Amino acid sequence: MSPDTRMVHPGPRATSRAEVRRAVLRPVRGRLRAGQTVMQAVGDLFASCGCKGGVLSLAGLCCGPMRYVLPDLSTDGLHAAWYSETHAPPGRWTIRSATATVGWKEGAPFLHCHGIWSDGRETAMGHLLPFDSVIAEDVTVEGLGAPGTWFEALPDPETAFTLFTPEGGEDGAALFARIRPGEDVVTAIETLAARHGISSARLHAVGSIDHIRFSDGQRMDCLATELRFDDARLIRGTAHIPIEVVDIHGHIARGVLERGPNPVGVTLELIIEPTEDPS
């Protein structure tokens, strides 16, 4: 794969480059129980909090077994990228950092999670398989949920993937959004927030970027990546976006995104949580 290779999606380019719905956010906090799959436990937690969708940190969660995939190149002649074979490492793995966007697929709870995990000897990052990863120890987790706004897994003609898309909507200050391929992550978020009158916010997201450029000059020359925002903020209209990201070889990088040369690869699922402007 040439470092200059870029994603070419198979379907017609959608006119709108971002879908967005307003939301009322409330704290989500609770205990995930050992013996359940991650999906069962998270679905139960959001139901108990009266929320249909949102975002959850899975930091501290121990899984055994742990199952995940890496991003990969596509070999089917259709998709611009795909997933690796399932990684099934032995033993228990503890999640160091992970962001899960939570919603629905085919009438049941579903989530999309990217994170970093370790067994104490090795560290890996990837896309968690929540139906196949089982919680090994009880753990308390926290996040944000919305009663009437959520992400719904829907077929996307442009990419030929089934992707989380914001649905529902409430008269709230927060935003659930999906940013489409080719849009620069930093400027797209700043534009979206400004359009909805938001100048300061916490930014929660998982997704992919087609070749990554960091503000300190680092780069990840890979078409297919999986990333999560790591304490990203919007401050007086300017987005500061640290990320954690993995490429098709399992290489992990961390850094702050440069403004301009960071186009969404397949999708970016985003929750904008407004905050007060700093004094």
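Residues numbered from 1 in each chain as written. Predicted model: local features only at pLDDT ≥ 70, side-chain atom pairs only at ≥ 80, totals over all residues. Heavy atoms only, no water.

Alternating residues of strand S19 (residues 232–235) divide into Ala 232 and Leu 234, all buried, and Arg 233 and Ile 235, none buried. Bridge count for S19 against strand S20 (residues 238–240) is 3 bridges, and the pairing is antiparallel. Across the sheet, the residue bridging to Arg 233 is His 240, located in S20. Turn length for the S19-S20 hairpin, with the two strands adjacent in sequence and antiparallel, is 2 residues, and the turn residue Arg 236 shows positive phi of about 50 degrees. (Buried < 20%, exposed > 50% of the residue type's maximum accessible area, 1.4 Å probe, protein only. Helix = DSSP H or I, 4+ residues; strand = E, 2+ residues; numbered from the N terminus. Pairing = 2+ DSSP bridges.)

The subject of this paragraph is the nonpolar core. With 41 residues, the main nonpolar core has Leu 203, Phe 229, Ile 241 and Leu 270 as its most contacted residues. Looking at which element gives the most residues to this core, the answer is helix H2 (residues 185–195), with 6 residues. When sequence neighbours within four positions are dropped, the list of residues in contact with Leu 270 reads Phe 151, Leu 175, Phe 176, Ala 177, Ile 179, Ile 189, Leu 192, Leu 203, His 204, Ala 205 and Phe 229. Among the nonpolar cores identified, the runner-up in size contains 33 residues, and Phe 46, Cys 51, Leu 58 and Ile 116 belong to it. (Core = buried A, V, L, I, M, F, W, Y, C linked by side-chain atoms within 4.5 Å. Contact = heavy atoms within 4.5 Å.)

Turning our eyes to something else, we now look at unusual backbone geometry. Cis geometry marks the peptide bond from Gly 64 to Pro 65, where omega comes out at 10 degrees. Of note, Pro 65 is situated in the loop between strand S4 (62–63) and strand S5 (68–69). A positive phi angle is found at Ala 160, which is not glycine, with a value near 65 degrees. Its location among the elements puts Ala 160 in the loop between strand S12 (149–156) and strand S13 (161–168). A relative accessible area of 32% places Ala 160 in the partly exposed class. One non-glycine residue, His 211, lies in the positive phi region at around 65 degrees. Secondary-structure assignment places His 211 in the loop between strand S15 (201–209) and strand S16 (212–213).

With that settled, the discussion passes to the environment of Leu 203. Take Leu 203: it is sitting in strand S15. Owing to a relative accessible area of 3%, Leu 203 belongs among the buried residues under this scheme. The sequence separation of Leu 203 and Gly 77 amounts to 126 residues, and the corresponding C-alpha distance is 34 Å. Ignoring any residue separated from it by four or fewer positions in sequence, one finds Leu 203 in contact with Ile 189, Phe 229, Ala 232, Arg 233, Leu 234, Ala 239, Ile 241, Leu 270, Ile 271 and Ile 272.

Bringing the pattern of salt bridges into the picture now. The final tally for this structure, using the stated rule, is 21 salt bridges. Between Asp 221 and Arg 213 there is a salt bridge, with the nearest N and O atoms lying 2.9 Å from each other. Looking at Asp 221, the relative accessible area reads 31%, which means it is partly exposed. A relative accessible area of 14% means that Arg 213 is categorised as buried. With a closest N to O distance of 3.5 Å, Asp 230 and Arg 228 form a salt bridge. Under the relative-accessibility criterion, Asp 230 is labelled partly exposed at 32%. For Arg 228, a relative accessible area of 8% corresponds to the buried category. A cluster of three or more residues bridged by salt bridges with shared partners is formed by Arg 13, Arg 17, Glu 19, Asp 156, Glu 158, Arg 178, Arg 180 and Glu 183. (Salt bridge = Lys/Arg side-chain N within 4 Å of Asp/Glu carboxyl O.)

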